[in-house]
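Topology and contacts: notes
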Protein chains: 2
Amino acid sequence: MSLDGPTMDERVPRDFETLRATILDRRESLPKRIAQIAAYALDNPDDIAFGTAASIAASAGVQPSTLIRFAQQLGFDGFTSLQQVFRERLRERNSSYDERLQALRVKAEGGAGHRAIFDGFVAAASTSLNDISRTLDDAHLEDAISLLAKAQTIYVLAKRRSYPVASYIAYALGKLKIRNQLIESAAGLNAEMIAFATPADAVIAISFSPYAPATIEEARNISEQGVPIVAITDSSFSPLAQFARVWFEVAEADFAGFRSLSATMALAMALTVGVGEKRRDAGRKRKA
Amino acid sequence: MSLDGPTMDERVPRDFETLRATILDRRESLPKRIAQIAAYALDNPDDIAFGTAASIAASAGVQPSTLIRFAQQLGFDGFTSLQQVFRERLRERNSSYDERLQALRVKAEGGAGHRAIFDGFVAAASTSLNDISRTLDDAHLEDAISLLAKAQTIYVLAKRRSYPVASYIAYALGKLKIRNQLIESAAGLNAEMIAFATPADAVIAISFSPYAPATIEEARNISEQGVPIVAITDSSFSPLAQFARVWFEVAEADFAGFRSLSATMALAMALTVGVGEKRRDAGRKRKA
DNA sequence: GGGAATATGAAATAATAATTCCAATCCATA
DNA sequence: TATGGATTGGAATTATTATTTCATATTCCC
């Protein structure tokens, strides 16, 4: 029995890393059941954070009292205070990513030097990816892919800032052997090109504010011919939205006056590869 | 009083985002104290996850019973089940950034459906951004920007998969009023275009394995004319590296056979805007 | 192999926390 | 301004959960 007063020799681990180290350190010398719960704790820290003493003990295959003895051996005065450490860990880790992004952004805004510019663009891209990952509507995605998979030719329509995305879509469709036509302005023959499109075809149109007038005009014309349009744009007020059969709202973060394209790119690739898969599946079914 | 049976009309939010949306949606119509705790909940989700009804109520300045009424209004049968949602959120977000990515990747690999494809591309893009953020060499960035800032005309050279990046660079340089020439193959006049370049100009060349032969060939020719090259490529064995005055190694993650472009894009934008800034500074100094 | 020290299991107990209930208050409407 | 309904506060009640206790088992040393 040890009756040392309120100030004990052994320091109680206050943060998770210290705790982890302490456990690992003593691992050898722990009694069987205590070691069992120690291993469980390091393997399933989330369960310790949220579970009740009884539920955790059951999962780990020990008695609740063992769990408490484990906590006491580590210097805590009970399970509850041990649990605090595991909860604190979640609190901190949770914010770590956003904080890192925030730090990057602050550095980019405040800092001088060109590294700051680079960090700014990375932060903008990360933010955009994060956003779209949260907000993308699965049903829209399915609709858009079905629509495009049925098309004889997929026309790809985008100007200026959105043009790189269009050119990547065209490249990817080509690699997947899906017939497509990029509508670019070089030769000034857009109107003629568009005239070939029929309701059996489909369009992917991409435009962000300020909407390139040519893109809008061409989208209007082509939709009047009955060609279904899948639009990627930045708000429900976008003129593109009104012509589109399916449309996606993509909010890209910007930096130094240039918006990121990463979220749009990810969506564009998902559409392209999705169409490729859908066609392959349909092909297989037809053969079988 | 509503005595509707076990199947109630209103769906109980099962995940945090739905819950958040529901709260925001009803915000107007909520009674004062309930609204108070609603605001608190959205502002301090961690506290809801970890606190007790009493402690949370005290922090939010209401009675515990109000907290329970709030939960019930949302369709939960008590505070405890509301709290589950807040805990689940932490479990999922818990993941340090890498773990979250891992989750996304697992979802993309395991999951069927087109959402999985989308998640895969988002994961690839995030990974790439993460990598480049860690590995980019500040000194290289400075060197490249200095080199490009001195150029009379910046030639931009990329084919196939890298072409979208080149077109974005050209767009951005244009917006910044920096003279540039995109070398595309449409008219088959690349050789002639390249012949105009002099050592007072500079080139940004982008190529990834499998390196487009045309890009390599053109890079060789232009470097033999003494025009300095900044290259973005994917390994030190890249044929581009040997012609380049400065070169960046960018490792893009891939998914479904298509590599991400997000890291390359971020670097490209940093170069572009960096050059813009450098020229503006130089201009100011010359005037002063 | 015997005995002391240590570890474990299971149930009793104490504590803490969620929920309910009812009276008081507020608010809209006639 | 009176009245009914909704909202709120606070204490009582019920539930859940952590902790303690003690009997039993195991281990280690002489």
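For the structure itself, look to the data block above.
In this report, we go over the structure that sits alongside the text. Within every chain, residues take consecutive numbers counted from 1 along the sequence as written. As they are written, the chains are lettered A onward and the ligands numbered 1 onward, keeping that order. Predicted model: local features are reported for residues with pLDDT of at least 70 only, side-chain atom pairs are reported and counted for 80 or more only, and whole-chain, interface and lining totals are derived from all residues. For the side-chain quantities, the full set of heavy atoms in the structure was used; hydrogens and water were omitted.

Here we take up the interface of chain B and chain A. Working rule for contacts: check all heavy atoms of both residues, and any pair within 4.5 Å makes them a contact. Taken together, the contact between chain B and chain A spans 58 residues of the former and 53 residues of the latter. Buried area: the accessible area, evaluated with a 1.4 Å probe, that two parts lose upon being put together, summed over both parts. Counting the surface lost from both chain B and chain A, the interface buries some 5400 Å², and carbon and sulfur atoms represent 64% of this. Taken as a group, B:F50, B:H114 and B:F258 account for 14% of the area that chain B buries against chain A, more than any other trio of residues on that side. The salt bridge criterion pairs a side-chain nitrogen of Lys or Arg with a carboxyl oxygen of Asp or Glu, the two atoms within 4 Å. Seen at the junction of chain B and chain A, the total is four salt bridges. A salt bridge links A:D47 to B:R91; the shortest N-O distance between them is 2.4 Å. Pairs of N or O atoms are called polar contacts if they sit within 3.5 Å, as long as, within protein, a hydrogen donor faces a hydrogen acceptor (for residues adjacent in sequence, only side-chain-to-side-chain pairs). For the interface between chain B and chain A, the tally reads 15 residue pairs in polar contact (both at pLDDT 80 or more). Comment: elements are numbered from the N terminus, with helices defined as DSSP H or I runs of at least four residues and strands as E runs of at least two. Breaking the side of chain B that touches chain A down by element, the ones donating at least two residues are α3 (45–50), α6 (79–94), α7 (97–110), α8 (113–135), α9 (138–149), α10 (163–175), β7 (258–259) and α14 (262–287) of chain B. Residue polarity follows a fixed list, in which Ala, Val, Leu, Ile, Met, Phe, Trp, Tyr, Cys and Pro are nonpolar, Asp, Glu, Lys and Arg are charged, and the others, Gly among them, are polar. A breakdown of the residues in the side of chain B that touches chain A according to their chemical character gives 29 nonpolar, 11 polar and 18 charged.

This paragraph deals with the protein's contact with DNA strand D. In the vicinity of DNA strand D there are 18 residues, among which A:A53, A:F79, B:R33, B:Q63 and B:R69 approach most closely. For DNA strand D, the backbone portion of the atoms within 4 Å of the protein, that is sugar and phosphate, comes to 64%. Here A:F79 contributes a backbone N or O atom positioned 2.7 Å from a phosphate oxygen of DNA strand D. Contact between DNA strand D and B:K32: a phosphate oxygen at 3.2 Å from a main-chain N or O atom of the residue. Consider each residue's heavy atoms; a residue with any of them within 4 Å of a molecule or strand counts as near.

Attention now moves to the sheet that holds strand β3 (residues 202–206) of chain B. Residues and elements named next belong to chain B. Should DSSP find at least two bridges between two strands, the strands are regarded as paired. Pairing is parallel across the open sheet formed by five strands, whose spatial order is β2-β1-β3-β4-β5. On the outer flanks of this sheet lie β2 (180–183) and β5 (246–249), each paired with one strand and no other. Geometrically, the sheet is characterised by an average inter-axis angle of 15° between neighbouring strands, direction not taken into account. Where β3 lies against strand β4 (residues 229–233), four bridges are found, and the strand directions are parallel. Following the sheet pairing, V203 is matched in β4 by I229. Only the stretch in contact is used when a helix axis is fitted, and all axes are lines through C-alpha atoms; the angle between N-to-C directions ranges over 0 to 180 degrees. Set on the sheet, helix α12 (residues 213–224) makes contact with β1 (154–158), β2, β3 and β4; between it and β1 the angle comes to about 150°.

Around DNA strand C sit 19 residues in total, of which A:R33, A:Q63, A:R69, B:A53 and B:F79 are the nearest. Restricting attention to atoms of DNA strand C within 4 Å of the protein, one finds that 64% of them are sugar or phosphate atoms. A distance of 2.8 Å separates a phosphate oxygen of DNA strand C from a polar backbone atom of B:F79. Elements with a minimum of two residues in the surface near DNA strand C: α2 (32–43) and α5 (64–73) of chain A together with α4 (53–60), α5 (64–73) and α6 of chain B. Sort the elements by how many residues they give to the surface near DNA strand C and α5(B) lands first, with five residues. Among the residues making up the surface near DNA strand C, the classes are represented as seven nonpolar, eight polar and four charged.

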